Amino acid sequence: MSRQPRILVTNDDGYFSDGIAALTRELATIGDVVVVAPATEQSATAHSLTLTRPLRVRQIDDRRYTVDGTPTDCVTLALTKILPEYPDIVVSGINHGANLGDDVTYSGTVAGALEAAVFKIPGIAVSLVARDGDFTHAAKYAARLTAQVLRQGMPTGTVLNVNVPVGEIRGACLTHQGVKIAELRIQDGIDPRGKSYYWIGEQIVRWKEDPGCDFEAVARGMVSITPLRIDMTDYGYLAKLRSMGETLPGVEDNA
Ligand SMILES: [Mg+2]
C-alpha cells in the first residue's frame, strides 16, 4: 500500500476514555486515523443498532467525531455518512476490561469490529485485561498487529478479538473462545420512590479448563488473539441435522 492506510477507530467506553486515547496515539504512527466513538459509555451494548430515536453526530475536529449511540451506530454512520470513503481497517478499543469467552457476545468493543465485518472491512477488537491501568503496551501492540493485518489481509467476515494483559508484552497466543463459569452478582434494593430494583453487577469469573482458549492465554500473561466470524452458523450441527432426516417440525427435505 503506497498511500497511508486509513484507519477508523471506535470503542464502547466512550470518546473520553483513556483506552481509545492511547490506541489513537499509537495508530497515528502507522496510518491516517479518524475516530468516531460513542459520546458516553456503551459497554455491554453488544451489536445493537439504535432505531427508535435520531442519532446526533458531533464533530470535534476534522479527525474526531462523537455519536450519541452505540459502537455499531458509530461504525455505521462513519462508513455511510462521515467518511468520504471506506477505511482499510476498523480498530475498536482499547476496552477497559477483558472480553473473553462468552463475554464477546455482550461486548460493544467486539461489536465495533463485527460491524466492520458486515461492511466487508477487516476489524480488530482490543481489550486490556484490567478495568484501569497503563494502556501504553497494549496500544503499541495493537498498532503492530494492525500494521501486520493491513499487510497480509484477513478473510472477509472475520474479526480478531485481542485481549492484552497489563504490562510489557510477553508474547501472544492464537486462541479459541473459552467458556465462562460466572457467579452472577445481582444487587437488589429499594429505590427512593419505594420500588424494588435489581442491578446486575460485576461477575466473579472463572473459566472451564480448556487448553488453547483465550482465558488460559491471558492467565499465563500472554496476549490472546481469537479470530471470530460474523457468520454464527453451527455448520457441524447443521450437517448432523441434515443427516438425521426429519428431526425438526416442518423440515421435509434435509438434503
Ligand atoms: Mg467497555
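That block above? That's the structure.
Reading the values: rules and limits
Residues numbered from 1 in each chain as written. Predicted model: local features only at pLDDT ≥ 70, side-chain atom pairs only at ≥ 80, totals over all residues. Helix = DSSP H or I, 4+ residues; strand = E, 2+ residues; numbered from the N terminus. Pairing = 2+ DSSP bridges. Axes fitted to C-alpha atoms, helices over the stretch in contact; angles between N-to-C directions. Contact = placed C-beta atoms within 7 Å. Buried ≥ 20, exposed ≤ 12 C-beta atoms within 10 Å, placed from the backbone. Expected span 1.5 Å × (residues − 1). Arc of directions from axis to C-beta.

Peer 1: Please clarify how the environment of Gly-178 should be interpreted in this entry.
Peer 2: Structurally, Gly-178 is set in the loop between β8 (172–174) and β9 (180–183). Distance from Gly-178 to Ala-143, taken between C-alpha atoms, is 25 Å for residues 35 residues apart in sequence.

Peer 1: What exactly am I supposed to notice about the sheet that holds strand β7 (residues 158–164) here?
Peer 2: The pairing of strands in a sheet comes from backbone hydrogen bonds and takes either a parallel or an antiparallel form. Pairing is mixed in the open sheet, where 9 strands are placed in the order β3-β4-β2-β1-β5-β6-β7-β13-β8. This sheet does not close on itself; its edge strands, each paired only once, are β3 (57–61) and β8. The average undirected angle you get between the axes of adjacent strands in this sheet is 20 degrees. Of the strand pairs in this sheet, strand β2 (residues 32–38) and strand β4 (residues 64–67) are connected by 4 bridges, and their pairing is parallel. Bridge pairing in β4 places Pro-38 opposite Val-67. The sheet strands contacting helix α3 (residues 108–118) are β1 (6–10), β5 (89–96), β6 (123–128) and β7, and the helix crosses β6 at an angle near 170 degrees. On the sheet, helix α4 (residues 136–152) packs against β1, β5, β6, β7 and β13 (223–229) and is oriented at approximately 160 degrees with respect to β5.

Peer 1: Sorry if this is basic, but what is going on with the environment of Asp-13 here?
Peer 2: Following the sequence through the fold, Asp-13 ends up in the loop between β1 and α1 (18–27). Accessibility expressed as a C-beta count within 10 Å gives 24 for Asp-13, which makes it buried. Sequence separation between Asp-13 and Lys-81 is 68 residues; the distance between their C-alpha atoms is 22 Å. With residues near it in sequence (within four places) discarded, Asp-13 still touches Gly-19, Ile-20, Glu-41, Ser-43, Asn-95 and His-96.

Peer 1: Explain α4 to me, please; I cannot follow it from the model alone.
Peer 2: The periodicity of an α-helix, 3.6 residues per turn, causes residues three or four positions apart to be oriented the same way. Taking 1.5 Å per residue, 17 residues should reach 24 Å; α4 reaches 25 Å between its end C-alpha atoms and fits that length. Burial in α4 covers these residues: Ala-138, Ala-139, Ala-142, Ala-143 and Thr-146. The buried side chains of α4 occupy one side of the element, clustering within an arc of 140 degrees when seen end-on. Turned more than 90 degrees off the buried face of α4, the exposed positions are Gln-148, Arg-151 and Gln-152. Elements that come into contact with the buried residues of α4 comprise β1, α1, β5, β6 and β7. Phi turns positive one or two residues past the end of α4, at Gly-153, with a value near 75 degrees.

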